[in-house]
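# Structure at a glance
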Amino acid sequence: MNTAVRRGARLGTGLAMGGSTAVVELAFSLLAGTALLLVHAWPRGRRAVMRPVAAGARRLVDLERHRLRTMLGERVSASYEPDRALLYLATRWALGLFGVVVLLAAVVGVGYGTFFVYAWAITDLKNPDELALGTFGGLFLLFLTSRGFFEVAALEGKLARYFLGPSQQEELERRIEQLAVSRAGVVDVVHDERRRIERDLHDGVQQGLVALGMLLGRARRSSDARHADELLRQAHEQAGQVLNELREVAWRVYPTVLDEAGLRVALETVAERSPMPVRLRCWLGSEPPKAAATVAYFVVSESVTNAVKHSGATSIDVRVEEDTRMLRIRVTDDGKGGADAAGSGLFGLARRVEALDGLLRVDSPHGGPTTITAEIPCE
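Just so it is clear, the structure is predicted and the values come from calculations on it, not from any experiment. All residue numbers refer to positions counted from 1 along the written sequence of the respective chain. Selection of residues for local features in this predicted model requires a pLDDT of at least 70, selection of side-chain atom pairs for listing and counting requires 80 or more, and totals for whole chains, interfaces and linings are taken over all residues. Based on all heavy atoms of the structure, the side-chain values leave hydrogens and waters out of the count.

The next thing to look at is the sheet that holds strand β2 (residues 316–322). Picture the strands of a sheet paired through backbone hydrogen bonds; they go either parallel or antiparallel. Should DSSP find at least two bridges between two strands, the strands are taken to pair. Segments assigned H or I by DSSP are reported as helices when at least four residues long, segments assigned E as strands when at least two residues long, and all are numbered from the N terminus. With mixed pairing, 5 strands are arranged side by side in an open sheet as β1-β2-β3-β5-β4. Edge positions in the sheet fall to β1 (278–284) and β4 (359–363), since each has one partner strand and no second. Mean inter-strand twist for the sheet, computed between neighbouring axes without regard to direction, equals 5 degrees. Of the strand pairs in this sheet, strand β3 (residues 326–333) and strand β5 (residues 370–377) are connected by 8 bridges, and their pairing is antiparallel. Considered in β5, the bridge of I329 is made with A374. All axes here are fitted lines through C-alpha atoms, helices being fitted over the stretch that makes contact, and every angle between N-to-C directions spans 0 to 180 degrees.

Two faces make up the sheet, and in a regular strand the side chains alternate between them. With a 1.4 Å probe rolled over the protein chains alone, any residue whose accessible area is under 20% of its type maximum counts as buried; one over 50% counts as exposed, and the rest are partly exposed. Most of β2 sits out of view: 6 of its 7 residues are buried. Each parallel crossover has a hand, and the one from β1 via helix α10 (residues 290–311) to β2 is left-handed. Two elements, β2 and β3, share 7 bridges in a ladder whose sense is antiparallel. Note that in β3 the partner of E321 across the bridge is R328. When the strands point away from the viewer, a crossover counts as right-handed if the route from the first strand across the helix to the second turns clockwise.

Quick look at helix α5 (residues 128–164) now. Given 3.6 residues per helical turn, the α-helix brings residues three or four places apart onto the same face. Helix length check: α5, at 37 residues, gives a terminal C-alpha distance of 53 Å against a target of 54 Å (1.5 Å per residue), a fit within 8%. Just downstream of α5, G165 is the residue with a positive phi angle, here 85 degrees. By this rule the span expected of a helix is its residue count minus one, scaled by 1.5 Å.

Further remarks concern the environment of R58. With respect to the helices and strands, R58 occurs in helix α2 (residues 43–71). When its relative accessible area of 38% is taken as the criterion, R58 is described as partly exposed. The sequence separation of R58 and L86 amounts to 28 residues, and the corresponding C-alpha distance is 8.7 Å. When checking whether two residues touch, look at their non-hydrogen atoms; a contact exists if any pair is within 4.5 Å. If near-sequence neighbours (up to four positions away) are discounted, R58 is found in contact with A78 and Y80.

The next point concerns the packing of helix α3 (residues 82–113) against α5. At a minimum axis separation of 7 Å, α3 and α5 run at an interaxial angle of 165 degrees. Taken together, the axes of α3 and α5 lie roughly antiparallel to each other. For the pair α3 and α5, the sense of crossing is left-handed. Residue polarity follows a fixed list, in which Ala, Val, Leu, Ile, Met, Phe, Trp, Tyr, Cys and Pro are nonpolar, Asp, Glu, Lys and Arg are charged, and the others, Gly among them, are polar. Split into classes, the residues belonging to the contact of α3 with α5 amount to 23 nonpolar, 9 polar and 3 charged. For classification purposes, angles smaller than 35 degrees are called roughly parallel, those larger than 145 roughly antiparallel, those between 65 and 115 roughly perpendicular, and all remaining angles oblique. Take the far helix as your reference; a near helix turned counterclockwise from it by less than a right angle gives a left-handed crossing, and one turned clockwise gives a right-handed crossing.

The next thing to look at is a nonpolar patch on the surface. A cluster of nonpolar residues, F136, F140, F143 and L144, forms a patch on the protein surface that exposes about 450 Å² of accessible area. The residue F140 is located in helix α5 in this model. Relative accessible area serves as the criterion here: at 46%, F140 is assigned to the partly exposed category. Candidates for patches are residues over 30% relative accessible area with no salt bridge; among them, like charges are joined within 9 Å and nonpolar side chains (Val, Leu, Ile, Met, Phe, Trp, Tyr) within 5 Å. Here the accessible surface of atoms and residues is derived via Shrake-Rupley with a 1.4 Å probe, and residues count as covered only by protein chains that are part of the display. Any Lys or Arg side-chain nitrogen found within 4 Å of a carboxyl oxygen on Asp or Glu counts as a salt bridge.

Another point: the side chain of Q238. Relative to the helices and strands, Q238 resides in helix α7 (residues 225–253). Apart from the residues within four sequence positions on either side, Q238 is in contact with G208, A211, L212 and L215.

This part takes up the environment of V304. Mapped onto the elements of the fold, V304 is located in helix α10. The spacing of V304 and D333 is 29 residues in sequence and 8.5 Å in space, taken between C-alpha atoms. Dropping the residues within four chain positions of it, V304 is found in contact with V270, S274, V278, I316 and V318.

This paragraph deals with the pattern of salt bridges. With the rule as written, the count across this model stands at 11 salt bridges. E156 is the partner of R92 in a salt bridge, and the nearest nitrogen-oxygen pair spans 3.0 Å. Of this pair, R92 sits in helix α3 while E156 sits in helix α5, and the two are 64 residues apart along the sequence. On the basis of relative accessibility, which here comes to 1%, the residue E156 falls in the buried class. For the salt bridge of E375 with R361, the shortest nitrogen-to-oxygen distance reads 3.9 Å. Within this pair, whereas E375 is found in strand β5, its partner R361 is found in strand β4, the two being separated by 14 residues in sequence. Residue E375 is classed as buried on the basis of its relative accessible area, which comes to 13%. A network of salt bridges, in which partner residues are shared, links E25, E64, R67, R92 and E156.

Helix-helix packing: each pair is described by the crossing angle between the helix axes and the interaxial distance. At a minimum axis separation of 10 Å, helix α9 (residues 263–273) and α10 run at an interaxial angle of 10 degrees. Here α9 lies roughly parallel to α10, going by the angle between them. Between α9 and α10, the residues in contact are L263, A266, L267 and V270 and A293, A296, Y297, V300, S301 and V304, respectively. Looking at the contact of α9 with α10 residue by residue, the class counts come to 9 nonpolar, 1 polar and no charged.

Let's shift gears to the packing of aromatic side chains. Each aromatic ring pair is specified by the distance between its two centres and by the angle formed by the two planes. Each Phe, Tyr or Trp ring, with Trp reduced to its six-membered ring, pairs with another whose centre is within 6.5 Å; inter-plane angles below 30 degrees give stacked pairs, above 60 give edge-to-face pairs, and intermediate values give tilted ones. Taken as a whole and judged by the stated rule, the model has 2 aromatic pairs. Pairing Y297 with F298 gives two aromatic rings, centres 5.3 Å apart and planes at 75 degrees, and the pair type is edge-to-face. Residue Y297 shares its accessibility class with F298, and that shared class is buried. Any Lys NZ or Arg CZ that is within 6 Å of a ring centre and within 35 degrees of that ring's normal is treated as a charge sitting over the ring. Lying over the aromatic face of Y162, R84 brings its terminal NZ or CZ to 5.8 Å of the ring centre. The cationic tip of R352 hangs over the ring face of F298; the distance from NZ or CZ to the ring centre is 4.2 Å.

Scope: geometric values only; no functional claims are made or implied.
As C-alpha cells, then:
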C-alpha cells in the first residue's frame, strides 16, 4: 500500500512538472516555428537560426528525459536528431497540459470524496442525499484519475520514444551489443570472485588450519600435561577462529539467509554484522525476484564493506525501495570521499547491476560524502 502511494505521489509530481515544462515548450515551439518560417526561403539564415533553436530544443528535451527517468520510470535514448526533438516538443506540450487536467480532476475528486468529513463545518447538512451523491461522485472521479496517472505516464514514454528513438532496429542492435558486453562482464566478475575466494581461503582459512595443526602437533609431542592442556586450549580457540573465517567466506560467496528469509532480513544481517553504525530503511512491497534481490544484496554488502575499510566514515545510511518495476538502492557514508568508480570492487558491482539491465552510479567528491545508487529492474 505504501509503495503504491509513493509511486502515485511520484507520478503526480512528474505530471505536475510536465505541466510546467509544457508551457515553456509551447512558447518555445511558437517562437521557433515563427523564426524558422521567416527564414524558410533563405538557406544561410535558416542555418543561422537553426543552431540556437536546436541548442534550446536539446536543453528542453534533456530536461524531459531527466523527468521521465526519475519521476515516471521511462528511459529515452540520448541520440536523436534536432528535427525530431523539435517535433517532440511541438506535440508534447498538449500531453503535458492534459496531465495537469488529470491532476486537477484528482484534486476535485479528493475534495468531493472527503466532503463528508468537513461538511458539518461549512454547511447545515439539510440535504444528506446530495452529500452522499457528491461523496460517491468524488470517490469515483478519484478512482478514474488514479488510473489516469499511469496511462498518461505511459503515453509520455511512448511519445518520447516515438520521436526521439531509438528505432526498433537500433534498439535491437543496442541490445545485442549490450548483451555481449554484459556476458563478457559477467564472465570477468565470476573469475574475479573465484580469485577472491581462493585468496581468502589461502590467506585466511588455510593459514588458520596450518596454525591449528601445529598447535595439535605440539600438544601431542609435549610431555608436560599442563603445557599440553594450554596448547589444546589455544588449538580450540584457533579452531573457532578458523570456523568464523570459513563462515565469512561462505557468507561473501552467497548468504543462505537470502533464500531462507528474504532480502530484508539479509540486509538487516549486513547492518548487524557491520562494525560501523548502519541505518537501514527498507521499503519492500513484496519480495523482489531472486536475481534482483541477489544483486541488491551484494550492492549493499560491498558498499558497506568498502565504506568500513576505506572511507574513514563514522556512519552509513542505506535506503532500499521497491515498486512493481524497479528496485532502488542508495548507500551513503559520511567519510572522506574520493571513491574510484573504476576500482575493482565498484566496477564489479557495476557489472553485476548492468547484467540485469540496471544502472549503478558513484558520487564521491573529495571531502565526501560518498553516495552509491543503483536501479535494478524487477520485471
